[in-house]
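Each chain is listed here by its residues.
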Amino acid sequence: MTQKVAVLGTGKIGEALLSGMIRGGWAPADLLVTARRQERADELRTRYGVTPVTNAEAAKTADTLILTVKPQDMGTLLDELAPHVPADRLVISGAAGITTAFIEERLTGGTPVVRVMTNTPALVDEAMSVISGGTHATADHLAHAEEIFGAVGKTLRVPESQQDACTALSGSGPAYFFYLVEAMTDAGILLGLPRDKAHDLIVQSAIGAATMLRDSGEHPVKLRENVTSPAGTTINAIRELENHGVRAALIAALEAARDRSRELASGKKD
Ligand SMILES: NC(=O)C1=CN([C@@H]2O[C@H](COP(=O)(O)OP(=O)(O)OC[C@H]3O[C@@H](n4cnc5c(N)ncnc54)[C@H](O)[C@@H]3O)[C@@H](O)[C@H]2O)C=CC1
Ligand SMILES: O=C(O)[C@@H]1CCC=N1
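Note that the structure is predicted; figures quoted are calculated from it, not measured.

## Things to note about the UniProt feature "binding site: NADPH" (unreviewed entry) in the protein
(1) Moving on: Under the feature "binding site: NADPH" (unreviewed entry), the UniProt entry names Asn55.
(2) Moving on: For Asn55, the location among the structural elements is in helix α3 (residues 55-61).
(3) Moving on: Among all residues touching Asn55, those that are not within four sequence positions of it are Leu8, Thr34, Leu77, Glu80 and Leu81.

Right under this line is the structure:
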């Protein structure tokens, strides 16, 4: 039997997932989307050949509902869905902070819920998606979530107690790397390079470093030591990074992201 999947609240992450699923072989005819604005719904229909529906229609007709609204909009969406979601629907939430318990409480008893934290490299099929099951989620439900998110990159199962930490590491993670590239490009400009050349040098260095981290099997410390010649250039840069507390800043930054994910679970909006 064909499994219909609906993406509810198809913004940046919802669209990234949708496009990846189609690249991965899902038939657009089996994909439903919901959007707040009609123009957005029309855009998604034209771009992907998927069917825009209302949230209630999605709840009634799709086998799997993937909720990709902002955490702050989740309560309202669930209130809208609750009267229409039969207990055998699989509900997958992609929202930061929102717990499976938060969703289970608002839907009919027994609804299986899976929580997933993906990231924007889903756009290039290099996502890291972290998956946890709620009270009623079975091994089949987790496998189905893995199949869907596997279309856009790697997946990893974790206990839900680790989801806020994972959100800080991989959910927000791409932003830290973009921030580093931006800052290092500024440094290149300070050193007299044109912006486009500085950008290309840093981006290719990032791609090279990421590929080595993934493929070499070496620890990051060893990889860094290999670059760091005695009395050379790199150690002078590293000394400045240590003097400016960059390691401590990163630890504090990720802790702050983790704490914000926890706050979002309690419905704190600002
Ligand atoms: N942007 C990112 O890097 C990541 C975001 N997330 C999570 O994904 C979720 C979505 O984030 P983005 O895609 O960045 O946000 P977004 O704002 O681009 O997308 C959310 C969409 O939901 C729509 N929406 C809100 N309420 C709705 C309703 N009742 N019915 C239909 N549509 C509704 C909005 O109009 C919007 O288009 C958030 O919960 C976020 O925590 C997860 C991982 C990474
Ligand atoms: O900043 C956020 O809240 C979302 C969740 C993870 C990445 N972006």
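## Observations concerning the UniProt feature "domain: Pyrroline-5-carboxylate reductase dimerisation" (unreviewed entry) in the protein
(1) Moving on: In the numbering used here, UniProt assigns the "domain: Pyrroline-5-carboxylate reductase dimerisation" (unreviewed entry) feature to residues 160-264.
(2) Moving on: The distance separating the terminal C-alpha atoms of residues 160-264 is 15 Å; by composition the span is 82% helix and 0% strand.

## Brief notes about the site of ligand 2
(1) Moving on: Close to ligand 2 lie Ala96, Gly171 and Ser172, which account for all nearby residues.
(2) Moving on: Computed on the free molecule, ligand 2 has an accessible area of 250 Å², of which 46% lies beneath the protein chains in the complex.

## Some words on helix α6 (residues 139-150)
(1) Moving on: With twelve residues, α6 extends 16 Å between its outermost C-alpha atoms, agreeing within 8% with the 16 Å of an ideal straight helix rising 1.5 Å per residue.
(2) Moving on: Within α6, the full set of buried residues consists of His141, Leu142, His144, Ala145, Ile148 and Phe149. The buried side chains of α6 occupy one side of the element, clustering within an arc of 160 degrees when seen end-on. Seen from the open side of α6, the exposed residues pointing more than 90 degrees away from its buried face are Ala139 and Asp140.

## Describing the site of ligand 1
(1) Moving on: Around ligand 1, the surrounding shell holds 21 residues, and the nearest of these are Lys12, Ile13, Asn55, Val69 and Ala96.
(2) Moving on: Contacts to ligand 1 include Asn55, whose side-chain N or O atom sits 3.0 Å from a nitrogen atom.
(3) Moving on: Out of a free accessible area of 820 Å², ligand 1 has 82% covered by protein chains.
(4) Moving on: Elements with a minimum of two residues in the shell around ligand 1: α1 (12-23) and α4 (71-81).
(5) Moving on: Take the shell around ligand 1: its biggest share by element is four residues, from α4.
(6) Moving on: Counted by class, the shell around ligand 1 contains eight nonpolar, eight polar and five charged residues.

## Some details on helix α7 (residues 163-171)
(1) Moving on: The set of residues buried in α7 consists of Gln163, Asp164, Cys166, Thr167, Ala168 and Ser170.
(2) Moving on: Packing partners of the buried residues in α7 comprise β6 (113-117), β7 (127-133), α8 (173-190) and α12 (246-265).

## So, the environment of Ala187
(1) Moving on: Among the structural elements, Ala187 can be located in helix α8.
(2) Moving on: The exposure class of Ala187 is partly exposed, given its relative accessible area of 35%.
(3) Moving on: Distance from Ala187 to Leu250, taken between C-alpha atoms, is 19 Å for residues 63 residues apart in sequence.

## Quick look at the nonpolar core
(1) Moving on: Counting residues in hydrophobic clusters, the biggest one holds 27 residues, and the most contacted among them are Leu18, Ile92, Val114 and Ile148.
(2) Moving on: Mapped by element, the contributors of at least two residues to this core are β1 (5-8), α1, β2 (31-34), α2 (38-48), β5 (90-93), β6, β7 and α6.
(3) Moving on: Excluding its chain neighbours within four sequence positions, the residues that come into contact with Leu18 are Val7, Thr10, Leu31, Val33, Leu44, Tyr48 and Val50.
(4) Moving on: Residues Leu32, Val53, Ile103 and Leu107 belong to the second largest nonpolar core, which totals 22 residues.

## What about a nonpolar patch on the surface?
(1) Moving on: Taken together, the side chains of Phe177, Leu180 and Met184 present a nonpolar region at the surface, about 320 Å² in accessible area.
(2) Moving on: Relative to the elements of secondary structure, Phe177 occurs in helix α8.

## A word on the pairing of β7
(1) Moving on: For β7, a buried count of five out of seven residues is recorded, marking the element as mostly surrounded by other parts of the structure.
(2) Moving on: Taken together, the four bridges between β6 and β7 define a ladder with antiparallel strand orientation. Residue pairing in the sheet places Val116 in a bridge with Ile131 of β7.
(3) Moving on: Pairing of β7 with strand β8 (residues 153-157) involves five bridges; the strand directions are parallel. Of the residues in β8, the one forming a bridge with Ser129 is Thr155.

## A word on the sheet that holds strand β4 (residues 64-67)
(1) Moving on: A sheet is described by the order of its strands in space; here eight strands give the open sequence β3-β2-β1-β4-β5-β6-β7-β8, paired in mixed fashion. Each end of this open sheet is capped by a strand with a single partner; those strands are β3 (51-52) and β8.

Criteria and cut-off values
Residues numbered from 1 in each chain as written. Chains lettered and ligands numbered in written order. Predicted model: local features only at pLDDT ≥ 70, side-chain atom pairs only at ≥ 80, totals over all residues. Heavy atoms only, no water. UniProt positions renumbered as here; feature names shortened; annotations may be inferred. Helix = DSSP H or I, 4+ residues; strand = E, 2+ residues; numbered from the N terminus. Contact = heavy atoms within 4.5 Å. Near = heavy atom within 4 Å. Areas by Shrake-Rupley, 256 points an atom, 1.4 Å probe, with all protein chains shown as cover. Expected span 1.5 Å × (residues − 1). Buried < 20%, exposed > 50% of the residue type's maximum accessible area, 1.4 Å probe, protein only. Arc of directions from axis to C-beta. Polar contact = N/O pair within 3.5 Å; in protein donor to acceptor, adjacent residues only side chain to side chain. Nonpolar A, V, L, I, M, F, W, Y, C, P; charged D, E, K, R; others polar. Core = buried A, V, L, I, M, F, W, Y, C linked by side-chain atoms within 4.5 Å. Patch = residues over 30% accessible without salt bridge, like charges linked within 9 Å, V, L, I, M, F, W, Y side chains within 5 Å. Salt bridge = Lys/Arg side-chain N within 4 Å of Asp/Glu carboxyl O. Pairing = 2+ DSSP bridges.

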